[in-house]
Amino acid sequence: PKRNIVSKQFFVRNQLRPPTPAGGDDDRQWLTFWMIYFAFTYFERVSSVLLSWFPLYYQCKLVTLVWLIFFSGAAKFYGSLHSLFFLVRRKARAAFPDSLGKVFWQPPEQTEAEYIKSLEEFASYSALGQLASLAKQQGIESVLSSFSSYESIKQRHGVGMLRSLLKKWDELEVRRLEVTLVKATGLPVMDKSLVTGKPSSTDAYCVFSILAPEREACSLACAPQLDDEGDLSPTSSIQEVFARASSSLRFSRAPPAGKGYNRTRSGVRWGTTNPVWGQRLEVGVNGGMIRGDGQYVNRQAPFSVLRVEVWDKDRLSMDDFIGDFQVPLTKLMDGRTHKVRGKLGDSENKRIGAKITGEVFLELRYGS
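Residues numbered from 1 in each chain as written. Predicted model: local features only at pLDDT ≥ 70, side-chain atom pairs only at ≥ 80, totals over all residues. Heavy atoms only, no water.

## Here's the deal with the overall build of the chain
Working step 1: For the chain, the count of helices and strands is 11 helices and 13 strands.
Working step 2: Of the roughly 20,200 Å² of accessible surface on the chain, a fraction of 57% belongs to carbon and sulfur atoms. (Helix = DSSP H or I, 4+ residues; strand = E, 2+ residues; numbered from the N terminus. Areas by Shrake-Rupley, 256 points an atom, 1.4 Å probe, with all protein chains shown as cover.)

See the structure below:
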C-alpha cells in the first residue's frame with residue numbers, strides 16, 4: 001500500500017549502504033524506529049474500523065515517519081521517554097520509600113573512596129597502582145582532569161598505565177552524557193519592558209552540545225589497542241599496534257573535531273535572572289566503535305568537551321545569546337556523577353563589548 005512507501009524506500013536505501021555495526025552510535029535510533037513502526041502496523045491491523053473516523057491518520061503517519069527517520073526523531077523520542085521514566089522513578093522512590101521505592105530501587109553510586117579502592121583491586125593485575133596512589137593524594141577528579149590526551153598519559157605514566165586505563169575506561173561503554181540542569185544565577189537582564197522601554201527580565205534556556213576532541217588527542221598510534229584476548233604483547237611496536245587496530249576495529253560515524261554535535265535544548269524559564277530548572281536531559285556521545293571481540297568502546301569520550309550555551313527566548317525576534325562555557329569530560333571517566341559550576345563567557349565573541357555575567361549549575365554523568 002502507498003502508506004508504506006516511505007518505510008520501504010528507507011529499507012531499500014539502507015541495503016545499498018554499508019551497515020552500521022551492532023552497538024554503534026545509532027543503534028538506539030533504529031531500534032526505536034522499528035518498534036514504533038511495528039506499533040503503527042499492529043494498531044492498523046486491529047483498528048481498521050476506528051481509522052475510518054480519522055481521515056488524516058495516514059498523512060499524520062507519513063509526517064511522523066519522516067521525522068523519525070530523517071530528523072533523528074526516534075532517538076529523541078527514546079531520550080524523552082527515558083527522562084520521563086527517570087523522573088517518575090525518582091518521585092516514586094521519594095513518595096513511597098517502603099513500597100514503590102523497592103520496585104524502583106537502584107544500587108547506590110560509588111563514592112570516591114570506593115572507586116579508588118576498585119582501582120587498587122584492578123591494580124593487582126595492571127599498572128593502576130600509581131593512579132590509585134595519586135588519587136588518594138590529589139583526588140580522582142583532579143588526577144583525571146590533568147589528562148589531556150592519550151599521548152600525555154603515555155609520556156607521564158608509561159604505556160602500561162595507558163593500557164590499564166583503556167581497559168578500565170572501556171568498561172563504561174559510553175554512549176550518552178546525562179545532564180541534570182539545576183539552575184543559573186546572576187544572568188543579565190535581556191528583555192525591555194514594552195511600556196517603559198527599560199530592562200525588565202530574562203527568559204533563559206540552555207543548549208548543550210558535544211565538541212569532539214582533536215584527532216591528535218585520540219590518535220590510535222598513541223593509544224595501544226587491546227586485542228581480542230584483552231592484552232597486548234609488550235614487544236609489539238606502535239606501528240604494529242596501529243596496523244592491527246585498523247584491521248580489527250569497525251568505526252561508526254565519527255563527528256568532526258572542534259564542532260558541536262547532538263545539540264539538545266532545555267525548557268525556557270520565563271521572567272527571571274535566577275532560573276531554576278531541575279531538568280534532566282541526555283546528549284548522545286558519538287565516536288564509538290566495535291572492537292575485534294565485539295565489545296563497544298568509545299575512545300573519543302575521555303577527551304570530548306561539553307559546550308553549554310545560555311540564550312534568552314524572544315517571541316517577536318531572534319533569540320539573544322547570553323553566554324557560554326565549556327566543560328572537559330575526562331573527569332567523568334570514573335563513572336560517577338560530578339557537580340559542575342560554570343561561569344559564563346563569550347568564546348565566539350558574539351557579544352563584543354557587553355558584560356558577561358552569570359553562572360550555571362549542572363550535574364554530569366556518562367551513561368551506557
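## Some thoughts on the packing of helix α8 (residues 129-138) against helix α10 (residues 150-170)
Working step 1: Running from N to C, α8 and α10 cross one another at 85°; their axes reach a closest spacing of 9 Å. With respect to α10, the axis of α8 lies roughly perpendicular. Every residue of α10 that contacts α8 at Q130, L131 and L134 is listed here: H157, M161 and L165. (Axes fitted to C-alpha atoms, helices over the stretch in contact; angles between N-to-C directions. Parallel < 35°, antiparallel > 145°, perpendicular 65-115°, else oblique. Contact = heavy atoms within 4.5 Å.)

## Overview of the side chain of D346
Working step 1: As for its placement among the helices and strands, D346 is situated in the loop between β12 (338-343) and β13 (359-367).
Working step 2: No salt bridge is formed by the buried D346. Its closest oppositely charged neighbour is R351, at 6.2 Å.
Working step 3: At 2.9 Å, the side chain of D346 and the backbone nitrogen of K350 are in polar contact.
Working step 4: The contact partners of D346, leaving out residues within four places of it in the chain, are F321, D324, R351, I352 and I356. (Buried < 20%, exposed > 50% of the residue type's maximum accessible area, 1.4 Å probe, protein only. Lys, Arg positive; Asp, Glu negative; His and termini not counted. Salt bridge = Lys/Arg side-chain N within 4 Å of Asp/Glu carboxyl O. Polar contact = N/O pair within 3.5 Å; in protein donor to acceptor, adjacent residues only side chain to side chain.)

## What to know about the sheet that holds β13
Working step 1: The antiparallel open sheet is built from four strands, whose spatial order is β7-β1-β13-β12. Strands at the two margins of the open sheet, each flanked by one partner only, are β7 (276-284) and β12. Taken over all neighbouring pairs, the strand axes of this sheet differ in orientation by 25° on average, direction set aside.
Working step 2: Bridge count between strand β1 (residues 176-185) and β13: nine bridges; the pairing is antiparallel. When the sheet's bridge partners are listed, L177 is paired in β13 with Y366. (Pairing = 2+ DSSP bridges.)

## Brief notes about the packing of aromatic side chains
Working step 1: Under the definition given, this model contains 12 aromatic pairs.
Working step 2: Each ring, one from F33 and one from Y37, has its centre 6.2 Å from the other, and the planes form 20°; the classification is stacked. Linking F33 with Y37, this pair stays in helix α2 (residues 27-46), spanning four residues, or about one helical turn.
Working step 3: Looking at Y37, the relative accessible area reads 12%, which means it is buried. (Phe/Tyr/Trp six-rings, centres within 6.5 Å; stacked < 30°, edge-to-face > 60°.)

## Concerning the nonpolar core
Working step 1: Formed by 52 residues in total, the largest nonpolar core has its most connected members in L177, F208, L306, L362 and L364.
Working step 2: For this core, the element with the highest residue contribution is α10, accounting for seven residues.
Working step 3: When neighbours within four sequence positions are excluded, L362 is seen to be in contact with V179, T180, L181, V182, F208, L306, V308, F325, H338, K339 and V340.
Working step 4: F33, Y37, F40 and Y57 belong to the second-largest nonpolar core, a separate cluster that totals 11 residues. (Core = buried A, V, L, I, M, F, W, Y, C linked by side-chain atoms within 4.5 Å.)

## Points about the pattern of salt bridges
Working step 1: Applying the stated criterion across every chain yields a total of 17 salt bridges.
Working step 2: Notably, a salt bridge pairs E178 with R365, separated by 3.5 Å at the nearest N-O pair. One end of the pair, E178, is in strand β1; the other, R365, is in strand β13, with 187 residues separating them in the sequence.
Working step 3: Note on E178: relative accessible area 12%, which makes it buried.
Working step 4: Classification of R365 by relative accessible area gives partly exposed; the value is 28%.
Working step 5: Taken together, the shared-partner salt bridges connect R263, R307, E309, D324, E348 and K350 into one network.

## Points about the sheet that holds strand β10 (residues 305-312)
Working step 1: Strand order in the open sheet formed by four strands is β6-β4-β10-β11, with antiparallel pairing between adjacent strands. Each edge of the open sheet carries a strand with a single partner, namely β6 (260-265) and β11 (320-328). Geometrically, the sheet is characterised by an average inter-axis angle of 20° between neighbouring strands, direction not taken into account.

## Regarding the packing of α2 against helix α4 (residues 57-70)
Working step 1: Their axes nearest at 10 Å, the elements α2 and α4 cross at an angle of 170°. Of the possible angle classes, the one that applies to α2 and α4 is roughly antiparallel. Taking contact as the criterion, the partners of Q29, W30, F33, I36, Y37, F40, F43 and E44 in α2 are, on α4, Y57, Y58, K61, T64, L65, L68 and I69.
Working step 2: Across the contact of α2 with α4, the residue classes break down as 11 nonpolar, two polar and two charged. (Nonpolar A, V, L, I, M, F, W, Y, C, P; charged D, E, K, R; others polar.)

## Concerning a nonpolar patch on the surface
Working step 1: A cluster of nonpolar side chains, contributed by W67, F70, F71, F77, L81, L84, L87 and V88, occupies part of the molecular surface with about 770 Å² of accessible area.
Working step 2: At the level of secondary structure, the elements contributing two or more residues to the nonpolar patch comprise α4 and α5 (73-95).
Working step 3: With five residues, the single largest contributor to the nonpolar patch is α5.
Working step 4: Structurally, the position occupied by W67 is in helix α4.
Working step 5: Residue class for W67 comes out partly exposed when judged on its relative accessible area of 37%. (Patch = residues over 30% accessible without salt bridge, like charges linked within 9 Å, V, L, I, M, F, W, Y side chains within 5 Å.)

## Digging into the side chain of T202
Working step 1: Here T202 shows up in the loop between β3 (199-201) and β4 (204-211).
Working step 2: What T202 contacts, discounting residues up to four positions off in sequence, is P188, V189, M190, D191, R269, W270, G271, T272, T273, D312 and I322.

## Thoughts on the confidence of the model for the chain
Working step 1: Across the chain, the average pLDDT comes to 78, with 74% of residues at 70 or higher.
Working step 2: Predicted confidence for residues 8-23 stays below pLDDT 50, and this span has 15 contacts to residues more than four positions away or in other chains.
Working step 3: Note on residues 220-254: pLDDT is under 50 here. Beyond four places in sequence and across chains, it has 64 contacts. (pLDDT = per-residue confidence, 0-100.)

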